[in-house]
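# Coordinates in review
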Amino acid sequence: MNKSTSYSCCSKLICLGCFNAYQRQEVEGRRIKICPFCRKPIPFTDEEIEKRRMKRVEANDPNAISGEGRIQFFVKEDYRSAFEYFTKASDLGDANAHIMLAQMYRDGKGVENDRGKKIHHLEEAAVRGHPNARYNLGCDEWENGNTERAVKHFIIAATQGHDGSI
């Protein structure tokens, strides 16, 4: 389960609890609808969201680049473009981009199936603290009969908040 969301204006991640509390304050009239990070008005139209996201992509914001990759992958199903965005974001250190590249190598979407590259990107994401990557590494080790290593991955993933690892 995803426990954070991203603001489209500045691509900053915020935990869902803080996001919900901030929105509740807006509804109650205690806050105006501005981003708590960049202090700009939150965009409401798809065009404004797209414009701000592409501005962040052009500024080499890894979260925005990874977000554009997700749009290419899930919405437009343009796997080649998604691969390019994810590769660029992963080069900039984005753990989510590494997870998506691992998924692409696992499923063969936009690239050929390659277990070695899948594991490489899972390891890169895990090193960057991504609990799903750590969990997936544990599953891979479990499937390969490396129970002791699998359990270590599951324990680390659980301490990082991955509920399925418990």
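Below: a short report on this structure. Residue numbers here run from 1 along each chain, matching the order of that chain's written sequence. Given that this is a predicted model, residues contribute local features only at a pLDDT of at least 70 and side-chain atom pairs are listed and counted only at 80 or more, while totals for whole chains, interfaces and linings are drawn from all residues. Calculated side-chain values reflect all of the structure's heavy atoms, with hydrogen atoms and water omitted.

### Describing the overall build of the chain
Heads up, the condition is: Helix and strand definitions follow DSSP, with helices as H or I runs of at least four residues and strands as E runs of at least two, each counted in order from the N terminus. Each residue is placed in one exposure class: buried if its accessible area under a 1.4 Å probe, protein chains only, is under 20% of its type's maximum, exposed if it is over 50%, and partly exposed if it falls in between. Any pair of residues with heavy atoms lying within 4.5 Å of one another is described as a contacting pair. Accessible surface is estimated by sampling points in the Shrake-Rupley manner with a 1.4 Å probe; for residues, cover comes only from the protein chains shown. As used throughout, the charge tally considers Lys and Arg to be positive and Asp and Glu to be negative, leaving His and the chain termini uncounted. Here the site of a charge means NZ on Lys, CZ on Arg, CG on Asp, or CD on Glu.
The number of helices and strands found in the chain is 8 helices and 2 strands. Here the C-alpha coordinates of the chain stretch approximately 55 × 35 × 25 Å along the principal axes. Per-residue burial for the chain yields a buried fraction of 37% across its 166 residues. Relative to all contacts within the chain whose residues are 6 or more apart in sequence, the contacts with residues 24 or more apart total 38%. Surface exposure of the chain reaches about 9,900 Å², of which carbon and sulfur atoms provide 51%. Seen as two clouds, the 26 positive and the 24 negative side-chain charges of the chain have centres 7 Å apart.

### A short note on the environment of Gly164
Looking at the element boundaries, Gly164 is found in the segment after helix H8 (147–159). What makes Gly164 partly exposed here is its relative accessible area of 47%.

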